Amino acid sequence: MRIDVVSIFPEYLAALDLSLIGKARRDGVLDIRIHDLRDATTDRHRTVDDTPYGGGAGMVMKPEPWAQALESVQASASVPRPTLVVPSPAGAVFDQAMAHDFAELDHLVFACGRYEGIDERAIDWARELFDVRPVSLGDYVLNGGEVAVLAMVEAVGRLIPGVVGNPASLVEESHADGLLEYPVYTKPSSWRGREVPEVLLSGNHARIAQWRRLEQVRRTAQRRPDLLSGLDAPALTDEEHAAV
Ligand code: SAM
């Protein structure tokens, strides 16, 4: 999969050299290219922002550097019309389903805004070359799109075959089946007076699976009841219904 990120703080994206995403880059599974938006400017000060029309606080990112930077990414794109993700608190909220959709794509481009955001005309213009998706990390405001991109690239990247060593670990995770994950434990079985639930030491795989599923339902009901209401009624057994 090819991923391009355009930012005025390319150093922010250095974390994409680490851990599983960094290894996937070195192994050639992920082709991640980071671009400095200021390289697309033409003035001595490498200006990317200006005052907002209509007045108001803060600065707005100028459209032309964005057009130059995105045109140059598109010129070497791996598909005719890559998807351009524009991180924005005014976008659709990113979730696991969106991560799966993005993981199916061959080429993702991210445009990291700063200040009060990007001149809207640049985003409109980009629709000529890209499938544009304004996406929010959640209902709060960050200083820039870079943190949102780190989160999205990690969530999408780990779904690409070859990035996570054991693909089974992707199946039994929070949000994989609409529920949160069950609690997990490791050795020692007794620690500071706290015991691992007996069923996990039983070796009885059917009982373990049943216990884990019940814990998933309990935990989801306690922490994220909104997720349970989205599940189909037959997805819960009578015992699970009783637990919520
Ligand atoms: N004035 C904008 C508004 O109220 O919608 C907020 C601009 S914010 C200070 C600067 C940049 O941070 C945005 O252009 C976007 O790239 C990024 N950003 C801020 N909050 C975000 C969020 N919740 N999700 C994704 N990106 C976000």
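Owing to the predicted nature of the structure, the values given are computational and were not obtained by experimental measurement.

J.: When you look at the nonpolar core in this model, what are you seeing that I'm missing?
T.: For soluble globular proteins, nonpolar side chains are generally found buried alongside one another. With 39 residues, the main nonpolar core has V85, V109, F110 and A111 as its most contacted residues. Among the elements of the structure, strand 1 (2–7), helix 1 (19–26), strand 4 (60–61), helix 2 (63–75), strand 5 (83–93), strand 6 (107–111), helix 4 (120–126) and helix 5 (146–157) are those that each provide at least two residues to this core. Per-element accounting of this core gives the leading share, five residues, to helix 5.

J.: I keep staring at the UniProt feature "binding site: S-adenosyl-L-methionine" (unreviewed entry) in the protein chain and nothing clicks. Help me out?
T.: Per the UniProt record, "binding site: S-adenosyl-L-methionine" (unreviewed entry) is found at G113, L137, G138, D139, Y140, V141 and L142. Here L137 is to be found in the loop between strand 7 (131–136) and helix 5. Mapped onto the secondary structure, G138 falls in the loop between strand 7 and helix 5. Its 12 C-beta neighbours within 10 Å are what place G138 among the exposed residues.

J.: Quick question: what am I supposed to make of the pairing of strand 1 here?
T.: Within strand 1, five of the six residues are buried, leaving the element largely enclosed by the surrounding structure. In terms of strand pairing, strand 1 meets strand 2 (residues 31–36) through six bridges, oriented parallel. Among the inter-strand pairings, S7 is bridged to a residue of strand 2, identified as D36. Alignment of strand 1 against strand 6, held across five bridges, turns out to be parallel. By the bridge assignment for strand 6, I3 is matched with L108.

Parameters and conventions
- Residues numbered from 1 in each chain as written.
- Predicted model: local features only at pLDDT ≥ 70, side-chain atom pairs only at ≥ 80, totals over all residues.
- Core = buried A, V, L, I, M, F, W, Y, C linked by C-beta atoms within 7 Å.
- Buried ≥ 20, exposed ≤ 12 C-beta atoms within 10 Å, placed from the backbone.
- Helix = DSSP H or I, 4+ residues; strand = E, 2+ residues; numbered from the N terminus.
- UniProt positions renumbered as here; feature names shortened; annotations may be inferred.
- Pairing = 2+ DSSP bridges.

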